[in-house]
Every structure is written in structure tokens, then in C-alpha cells.
Amino acid sequence: RDRNLQNPRAYSLMAAAFGLPESGALPAADAGGAERGDGWTYQSLRAEQDVAWAEGRCRRGVALARSGKHAEAVQYYDRALSQVPHHVDALVSRGAAYANLGMFA
């Protein structure tokens, strides 16, 4: 076990290491323009995370589609698109899955 996780000062040390306030609040662009010098904000972090999660879901969908599970793959593409509505890979992959399922107009 990691002894640092049991250290009551661990949060303070982590906050200091990442330049965060000890209150736990992340800087937000709409909160009076509070941001770090490198332009990092809550919104920019959230956008990066959304793209990363969408790409992971898209990769999982592709793996399912390759194994012939197109209906399940569509669910992962839909989840990716709920995170990033214009995610090109998810849109194209979902279209291919629908075509493979015979679901096209």
C-alpha cells in the first residue's frame, strides 16, 4: 500500500504540486477570468477529458465492430458522440456500423 494515501497532508502536497488551491476548486474562465498563466481552465481540462473519453469509447466500438458486434458498437459510438457531438471518427464508424446492420435510408 502507498503510505502517502494515508497521509493527512497528501491533499495539501498534491494541491501545491499541481498549483491548485487547497479548497479543491478548479479555476474557471467564467469565474472572474481566474486561470493559470498557461491558459489552463476548468473548461479546457473538461474539453480535453471529453475528447479522450470519446476516443476511448470509439476505439471500443471499433473493436466490437471488428468482432461482428455492430449493434453493441453503435452504443459506444453514441456514447462518444454524447461527449463530443462532432467526433468525426465516431460519426463515420457509426455510419459504417449502421450500414453493416442494413440500417440506412
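Quick caveat, the model's predicted, so the values are computed rather than measured.

### Brief notes about the environment of Asn100
Thought 1: Examined against the element boundaries, Asn100 turns out to sit in helix 4 (residues 88–100).
Thought 2: Taking the C-alpha atoms as reference points, Asn100 and His70, 30 residues apart in sequence, are found 7.1 Å from one another.

### Description of the environment of Val62
Thought 1: Relative to the assigned elements, Val62 resides in helix 2 (residues 42–66).
Thought 2: Counting along the chain gives 27 residues from Val62 to Asp89, while the straight-line C-alpha distance between them is 9.7 Å.
Thought 3: Setting aside chain neighbours within four positions, we find Val62 in contact with Tyr77 and Ser93.

### Things to note about the environment of Ser44
Thought 1: You can see Ser44 is positioned in helix 2.
Thought 2: You can call Ser44 partly exposed: its relative accessible area is 26%.
Thought 3: Within the structure, the side chain of Ser44 is placed 2.9 Å from the backbone nitrogen of Thr41, a separation counted as a polar contact.

### Section: the packing of helix 3 (residues 70–83) against helix 4
Thought 1: It is at 9 Å that the axes of helix 3 and helix 4 come closest, and there the two elements cross at 155 degrees. It follows that helix 3 is roughly antiparallel to helix 4 by the angle criterion. Judged by the twist between their axes, the crossing of helix 3 over helix 4 is left-handed. Listed contacts from helix 4 to His70, Val74, Tyr77, Asp78, Ala80 and Leu81 of helix 3 are Ala90, Leu91, Ser93, Arg94, Ala97, Tyr98 and Asn100.
Thought 2: Tallied by class, the residues present in the contact of helix 3 with helix 4 amount to 8 nonpolar, 3 polar and 2 charged.

### Section: helix 3
Thought 1: If you check helix 3, its first and last C-alpha atoms are 20 Å apart, about what 14 residues at 1.5 Å a residue would give, namely 20 Å.
Thought 2: Buried within helix 3 are the following residues: His70, Ala73, Val74, Tyr77, Ala80 and Leu81. Viewed end-on, helix 3 has its buried residues packed into an arc of 120 degrees, placing them on one side of the element.
Thought 3: Its buried side turned inward, helix 3 meets helix 2 and helix 4.

### Here's the deal with helix 2
Thought 1: Helix length check: helix 2, at 25 residues, gives a terminal C-alpha distance of 36 Å against a target of 36 Å (1.5 Å per residue), a fit within 8%.
Thought 2: Along helix 2, the residues classified as buried are Asp50, Ala54, Cys58, Gly61, Leu64 and Ala65.
Thought 3: Its buried side turned inward, helix 2 meets helix 3 and helix 4.
Thought 4: Positive phi shows up at Gly68, right after helix 2, with a value of about 90 degrees.

### Notes on the pattern of salt bridges
Thought 1: Applying the stated criterion across every chain yields a total of 2 salt bridges.
Thought 2: A salt bridge links Arg46 to Asp50, with the shortest nitrogen-to-oxygen separation between them at 3.3 Å. Here Arg46 pairs with Asp50, and both are found in helix 2, just 4 residues apart, close to one helical turn.

What counts, and at which threshold
Residue indices begin from 1 for each chain and proceed along its sequence in written order. Local features in a predicted model are, by the rule used here, given only for residues with pLDDT of at least 70; side-chain atom pairs are given and counted only at 80 or more, and totals for whole chains, interfaces and linings are based on all residues. Side-chain measures were taken over the full set of non-hydrogen atoms in the model, leaving aside hydrogen atoms and water. Runs of H or I in DSSP of at least four residues are treated as helices and runs of E of at least two as strands, each being numbered from the N terminus. Note on definitions: a residue-residue contact is assigned when non-hydrogen atoms from the two residues lie within 4.5 Å. Relative accessible area decides the class of each residue, using a 1.4 Å probe on protein chains only: under 20% of the type maximum gives buried, over 50% gives exposed, and in between gives partly exposed. Polar contact is the term for a pair of N or O atoms within 3.5 Å; when the atoms are in protein, one must be able to donate a hydrogen and the other to accept it, and sequence-neighboring residues count only if both atoms are side-chain atoms. Each axis is a line fitted through C-alpha atoms, and for a helix only the stretch in contact is used; angles between axes span 0 to 180 degrees, taken between their N-to-C directions. Here the word oblique covers every angle except those under 35 degrees (roughly parallel), over 145 (roughly antiparallel) and from 65 to 115 (roughly perpendicular). Helix crossings get a hand from a simple test, with the near helix turned counterclockwise from the far one by less than a right angle marking a left-handed crossing and a clockwise turn marking a right-handed one. When residue character is reported, Ala, Val, Leu, Ile, Met, Phe, Trp, Tyr, Cys and Pro are called nonpolar, Asp, Glu, Lys and Arg charged, and the others, Gly included, polar. Here the expected length of a helix is defined as 1.5 Å per residue gap, with one fewer gap than residues. Note: the arc covers the axis-to-C-beta directions of the helix. Every case where a carboxyl oxygen of Asp or Glu lies within 4 Å of a side-chain nitrogen of Lys or Arg is listed as a salt bridge.

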